[in-house]
Amino acid sequence: MGSNLYKGSGFIPGIDEKVELTAQINEEERSVVIQFDREVGGEATWHGNDVEMNQRPKYNEIVFRTTNLPVETVDLVWKFNASKIDNSLAGVIVPQPNKQRVSGEKGFVLNK
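Residues numbered from 1 in each chain as written. Predicted model: local features only at pLDDT ≥ 70, side-chain atom pairs only at ≥ 80, totals over all residues. Heavy atoms only, no water.

Trainee: With reference to specific residues and values, describe unusual backbone geometry.
Mentor: Look at the link from L69 to P70: it is a cis peptide, with omega at 0°. With respect to the secondary-structure elements, P70 resides in the loop between β6 (59–67) and β7 (75–83). Positive phi is not limited to glycine here, since R30 has a value of about 55°. Here R30 lies in the loop between β2 (19–26) and β3 (31–40). By relative accessible area, which is 43% here, R30 ends up partly exposed. One non-glycine residue, D50, lies in positive phi territory at about 50°. With respect to the secondary-structure elements, D50 resides in strand β5 (residues 49–55). (Helix = DSSP H or I, 4+ residues; strand = E, 2+ residues; numbered from the N terminus. Buried < 20%, exposed > 50% of the residue type's maximum accessible area, 1.4 Å probe, protein only.)

Structure, rendered in structure tokens:
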């Protein structure tokens with residue numbers, strides 16, 4: 001299926017302002033890259049780690065992790081449901097327990 005780009009905006013745990021982002025999902029390489037319109041946590045491009053992809057009847061499920069972004073020692077788990085019916089992607093970002101007190105799930109919708 002190759003690479004798909006989804007664009008939109010959302011909030012990232014640990015960041016106060018809304019950011020514009022593009023999610024590049026490559027199913028063949030099982031990779032995810034998040035590109036922001038500006039630097040977030042010192043980086044404009046974040047690479048997903050431990051990427052898992054599962055095919056569901058109506059959507060593709062993608063789960064991955066980013067580490068030390070936007071705050072040192074904070075891991076974020078990203079969960080995407082990429083619709084097979086329309087061109088949308090529903091996502092949620094879940095901060096893992098951390099000493100920096102970054103908390104709060106953040107949901108968003110991106111479109112192709």
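Trainee: Account for the pattern of salt bridges, with residues named and values stated.
Mentor: Within the structure shown, the criterion is met by four salt bridges. A salt bridge links E17 to R38; the nearest nitrogen and oxygen atoms lie 3.1 Å apart. With E17 in the loop between β1 (3–10) and β2 and R38 in strand β3, this residue pair connects regions lying 21 residues apart in the sequence. Residue D50 is joined to R65 by a salt bridge in which the shortest nitrogen-to-oxygen separation is 3.9 Å. In this pair, D50 is assigned in strand β5 and R65 in strand β6, connecting sequence segments 15 residues apart. Where salt bridges share partners, they join D50, R65 and D75 into one cluster. (Salt bridge = Lys/Arg side-chain N within 4 Å of Asp/Glu carboxyl O.)

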